[in-house]
Amino acid sequence: MRKVLKVLLSVLIYGLLILLSILTGSLPFDEGLNTKKIDRHIEKLKELSWFKNVYEDERHHQSFFINRRVRKYLQSFVRVRLLIKSEKAQKRFMKLLEEQAVLREKNKA
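What comes next concerns the included structure. Nothing here was measured: the structure is a model prediction, and the numbers come from that model.

**Observations regarding helix α6 (residues 68-75)**
Now for step 1: Residues of α6 that are buried: Val-70, Arg-71, Tyr-73, Leu-74 and Gln-75.
Now for step 2: Contact partners of the buried residues in α6: α2 (35-45), α5 (63-66), α7 (77-85) and α8 (87-108).
Now for step 3: Where α6 begins, the capping side chain belongs to Asn-67, and its oxygen is found 3.0 Å from the backbone nitrogen of Arg-69.

**Concerning α8**
Now for step 1: When the terminal C-alpha atoms of α8 are compared, their 32 Å separation across 22 residues agrees well with the 32 Å that a helix rising 1.5 Å per residue should span.
Now for step 2: Contacts made by the buried residues of α8 are with α3 (49-56), α4 (58-61), α5, α6 and α7.

**Quick look at the side chain of Gln-100**
Now for step 1: Tracing the chain through its elements places Gln-100 in helix α8.
Now for step 2: Among the residues examined, Gln-100 registers a relative accessible area of 7% and is labelled buried.
Now for step 3: Here Asn-67 takes part through its side chain, which lies 2.8 Å from a polar atom of the side chain of Gln-100.
Now for step 4: Gln-100 has contacts with Ser-63, Asn-67, Arg-69 and Val-70, leaving out every residue within four places of it along the chain.

**Looking at the nonpolar core**
Now for step 1: Counting residues in each nonpolar core, the largest one holds 17 residues, and the members touching the most others are Ile-42, Phe-51, Phe-64, Val-70, Leu-74, Leu-83 and Phe-93.
Now for step 2: Elements with a contribution of two residues or more to this core: α2, α3, α6, α7 and α8.
Now for step 3: In contact with Ile-42, other than residues within four places in its own chain, are Phe-51, Tyr-55, Phe-64, Arg-71 and Leu-74.

**Notes on the packing of aromatic side chains**
Now for step 1: One pass over the structure, following the stated rule, counts 8 aromatic pairs.
Now for step 2: Seen in terms of ring centroids, Tyr-73 and Phe-93 are 5.3 Å apart; in terms of plane orientation they differ by 35 degrees. Their pairing is tilted. Here Phe-93 lies in helix α8 and Tyr-73 lies in helix α6, a separation of 20 residues in the sequence.
Now for step 3: Of the residues examined, Phe-93 reaches a relative accessible area of 0% and is grouped as buried.

**Quick look at the packing of α3 against α8**
For any two helices packed against each other, the geometry is given by the interaxial angle and the distance between the axes.
Now for step 1: Taken N-terminus to C-terminus, the directions of α3 and α8 make an angle of 0 degrees; their axes are 12 Å apart at the nearest point. Here α8 runs roughly parallel to α3, going by the angle between their axes. Residues Trp-50, Phe-51 and Val-54 of α3 form the contact with α8, whose participating residues are Gln-90, Phe-93, Met-94 and Leu-97.
Now for step 2: Of the residues that constitute the contact of α3 with α8, the class distribution is 6 nonpolar, 1 polar and no charged.

**Section: the environment of Ile-84**
Now for step 1: Following the sequence through the fold, Ile-84 ends up in helix α7.
Now for step 2: Taking the C-alpha atoms as reference points, Ile-84 and Lys-44, separated by 40 residues in sequence, lie 9.0 Å from one another.
Now for step 3: The residues contacting Ile-84, other than those within four sequence positions of it, are Lys-44, Leu-45, Leu-48 and Gln-90.

Calculation notes
Residues numbered from 1 in each chain as written. Predicted model: local features only at pLDDT ≥ 70, side-chain atom pairs only at ≥ 80, totals over all residues. Heavy atoms only, no water. Buried < 20%, exposed > 50% of the residue type's maximum accessible area, 1.4 Å probe, protein only. Helix = DSSP H or I, 4+ residues; strand = E, 2+ residues; numbered from the N terminus. Contact = heavy atoms within 4.5 Å. Polar contact = N/O pair within 3.5 Å; in protein donor to acceptor, adjacent residues only side chain to side chain. Expected span 1.5 Å × (residues − 1). Core = buried A, V, L, I, M, F, W, Y, C linked by side-chain atoms within 4.5 Å. Phe/Tyr/Trp six-rings, centres within 6.5 Å; stacked < 30°, edge-to-face > 60°. Axes fitted to C-alpha atoms, helices over the stretch in contact; angles between N-to-C directions. Parallel < 35°, antiparallel > 145°, perpendicular 65-115°, else oblique. Nonpolar A, V, L, I, M, F, W, Y, C, P; charged D, E, K, R; others polar.

Structure, rendered in C-alpha cells:
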C-alpha cells in the first residue's frame, strides 16, 4: 500500500511540475530559449503603444536581444498575455527592465 501511495505522489508531483512549466513557459529540464517564440511575442507586444515606447528606448532596447531574464520572461505565453491585459503586469515588467538596465550600467562602470 505504501509503495502505491509513493508512486501516486510521485506522479502527482511530476504532473504539477509539468503544468507549472507550461504556465510559466519554461521546462525545468530545458534551459534553452525559443527565439522564434520570443520574437513573435515581441512583435505582438509592439502593437501596444506603451511597449513600443519601451522597446524603442535606448536604455532598454538591448535587453530584448541579449538579456536572458528579459527574454525568458517574454518566452512565456501566460506572461505576455498578462502584459497585454494587466497594468500591474506591465509595471512588474518595467521594473524588471529597469533592474536590468541598472545592472548593465553598473557593470560598464
